[in-house]
Amino acid sequence: MAYDKKRTALLNRYPAIEDLAKKARARIPHVAWEYLQTGTGQETLVNRNRKAFDEIILTPQFCKGPLQPKIETNLFGKTYAAPFGIAPVGLTGLMWPRAEIHLAKAAARNNIPFTLSTVATETPETLSPYIGEQGWFQLYPPRDVDLRKKLLVRAKQSGFHTLVVTADVPMPSRRERTKRAGLSTPPKITPRFIWQGIIHPTWSWYTLKNGLPRLRTVETYSEFDTMKSVGEFVRHGFRGDMSWDYCKALREEWDGPIVIKGLLHPSDVLKAIEIGMDGVVISNHGARQFDAAPTSVEAMKQIVPVAKGKIKLIMDSGIRSGLDVLRAMHLGADFVLLGRAFMYGVCALDKYGPDHVFEILTDELRNSMVQMGIEELPM
Ligand SMILES: Cc1cc2nc3c(=O)[nH]c(=O)nc-3n(C[C@H](O)[C@H](O)[C@H](O)COP(=O)(O)O)c2cc1C
């Protein structure tokens, strides 16, 4: 009862993801907001990602009697409560301390996948008690094969059953906004940083309790123990070696579904099918890597005719509502991921945030399906 009251109050106060984004922006330091929001270059792709979704028109049909939309979705032999999951996000604790713990618990409660990033601020072992059957693990491909094997074993032993290997970071991208905002690893305690701490007291209090964010999964492998050195270690040790042979090796090493994330070209998707990947994420990394890339909507239009039904097509980049989820599935996506939307939820509402994002998205999705006159998701 108390929970229902809180839920209704939240739905009235923050009815859409953009309400959570506004609240998140007010609650976290400027540098953390810039890290979360930034694209790259002129950020034309940030805007194109949104525009591409807004331009998908769906024509409703009426007089279908009472409709009970079904949104449960099967993926890789599991039934999830909805056709969406939480995308991997790195340096999460900078934006909100303990973010991964709140996200993992909410994913388990709501039965949707949560993807833990290689460069998250909590480890697979820490999340293991909370994640239930919902854990996916994202790998930035380490150059060192031993290190790769160690990470895969840790993820598997901690209960993460689906591997997401990210292909679209051949080198770190230029994120001009984060430079202007003064992002550094470790965060430098400058007068500007202290002032930001004073005007964002809840964030500061949680950060003091939890300590400054650390890349806890990978720091144990760095020879050095300062975050700066760990950051350098990640920049040099986890990029650039990705190749189709590398993917083949992963296919042999990982016993479970593998998804390759960040593909946009139809030929790359055909190659992923050829080497036995189970899924691909059609994604431009939320516009954070290459400003001239196509939107995932544009890419899907090229990829669906050659790949639909041969491999699971997962889509992300720019999804901000349940209506966008339906639009993605109308294009041919089997499943979608959301990065920033879930982070807005955590930054705005702490542990209540991810459940609230789930509520908004599922409510909007059901509503949109009834408006369209359909009970089944387009498949
Ligand atoms: C702050 C931030 C950090 C991210 N970190 C990672 C990461 O560590 N690994 C990865 O594969 N993708 C990462 N991504 C990309 C997301 O997984 C996802 O592709 C993207 O957020 C989707 O776009 P959306 O934010 O518009 O939903 C990150 C995205 C954001 C916003």
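The structure under discussion appears in the preceding block.
Residues numbered from 1 in each chain as written. Predicted model: local features only at pLDDT ≥ 70, side-chain atom pairs only at ≥ 80, totals over all residues.

(A) Looking closely at the overall build of the protein. Within the protein, the regular secondary structure consists of 19 helices and 10 strands. Taken against the 2.2 N^0.38 rule, which gives 21 Å for 379 residues, the C-alpha radius of gyration of the protein at 20 Å falls within 12% of a compact globule. Reported as C-alpha extents along the three principal axes, the dimensions of the protein are approximately 65 × 50 × 40 Å. Of all 379 residues assigned to the protein, the portion counted as buried reaches 47%. (Helix = DSSP H or I, 4+ residues; strand = E, 2+ residues; numbered from the N terminus. Rg over C-alpha atoms; globule rule 2.2 N^0.38 Å. Buried ≥ 20, exposed ≤ 12 C-beta atoms within 10 Å, placed from the backbone.)

(B) View of the site of the ligand. Every one of the 23 residues lining the ligand counts as a neighbour, but Ala87, Gly90, Ser117, Gly286 and Gly339 are closest to it. Contributions of two or more residues to the shell around the ligand are made by helix H3 (30-37) and helix H18 (340-349). Considering only residue class, the shell around the ligand consists of 9 nonpolar, 10 polar and 4 charged. (Near = placed C-beta within 6 Å. Nonpolar A, V, L, I, M, F, W, Y, C, P; charged D, E, K, R; others polar.)

(C) Looking closely at the environment of Leu361. With respect to the helices and strands, the residue Leu361 is situated in helix H19 (residues 353-372). Judged by C-beta crowding, with 28 C-beta atoms within 10 Å, Leu361 ranks as buried. Considered as a pair, Leu361 and Leu323 are 38 residues apart in the sequence and their alpha carbons are 8.0 Å apart. Those residues in contact with Leu361 that lie beyond four places of it in its chain are Ala82, Phe84, Gly322 and Val325. (Contact = placed C-beta atoms within 7 Å.)

(D) Spotlight on the pairing of strand S7 (residues 258-263). Here S7 lies mainly inside the structure; 6 of its 6 residues are buried. Here 4 bridges tie strand S6 (residues 162-166) to S7, and the two strands are oriented parallel to one another. Along S7, the bridge assignment pairs Leu163 with Ile258. Relative to strand S8 (residues 279-282), S7 runs parallel, the two being bridged by 4 bridges. (Pairing = 2+ DSSP bridges.)

(E) How the structure looks around unusual backbone geometry. Of note in this structure, Asn111 is not a glycine but carries a positive phi near 60°. Turning to its location among the elements, Asn111 is positioned in the loop between helix H6 (99-110) and strand S4 (114-116). Although it is not a glycine, Ser317 sits at a positive phi angle of roughly 95°. Tracing the backbone through its elements, the reader meets Ser317 in the loop between strand S9 (312-315) and helix H17 (322-331). Note on Ser317: 34 C-beta atoms within 10 Å, which makes it buried.

(F) Local environment of helix H2 (residues 17-27). Among all positions in H2, only Ile17, Leu20, Ala21 and Ala24 are buried. Across the axial projection of H2, the buried residues extend over an arc of 105°, all falling on one side. Buried residues along H2 sit in contact with H18 and H19. (Arc of directions from axis to C-beta.)

(G) Summary view of the packing of H6 against H18. For the pair H6 and H18, interaxial distance at closest approach is 10 Å and the crossing angle is 110°. Taken together, the axis directions place H6 and H18 in an arrangement best described as roughly perpendicular. Helix-helix and strand crossings are classified by hand; for H6 and H18 the assignment is right-handed. Contact with H6, carried on its side by Ala99, His102 and Leu103, involves Phe342, Met343 and Val346 of H18 and no other residues of that element. (Axes fitted to C-alpha atoms, helices over the stretch in contact; angles between N-to-C directions. Parallel < 35°, antiparallel > 145°, perpendicular 65-115°, else oblique. Left-handed = near helix turned anticlockwise from the far one by under 90°.)

(H) Quick peek at the environment of Gly41. Along the polypeptide, Gly41 turns up in the loop between H3 and helix H4 (44-54). Along the sequence, Gly41 and Arg288 sit 247 residues apart, while their C-alpha atoms lie 8.7 Å from each other.

(I) A look at the environment of Ile260. One can find Ile260 in strand S7. Given 27 C-beta atoms within 10 Å, Ile260 falls into the buried group. Along the sequence, Ile260 and Val164 sit 96 residues apart, while their C-alpha atoms lie 5.7 Å from each other. Each residue touching Ile260, except ones within four places of it in the same chain, is listed here: Val165, Ala167, Cys247, Ala272, Met277 and Val280.

(J) Molecular detail of the pairing of strand S10 (residues 335-338). Burial along S10 is two-sided: the face carrying Phe335 and Leu337 and the face carrying Val336 and Leu338 are both buried. In terms of strand pairing, strand S3 (residues 84-86) meets S10 through 3 bridges, oriented parallel. Pairing of Gly85 across the sheet is with Leu337, part of S10. By the bridge criterion, 2 bridges tie S9 to S10 in an arrangement that is parallel. In the sheet register, Met315 faces S10, and the bridge partner there is Val336. In this fold, the crossover linking S9 to S10 by way of H17 has right-handed handedness. (Right-handed = clockwise from strand over helix to strand, strands pointing away.)

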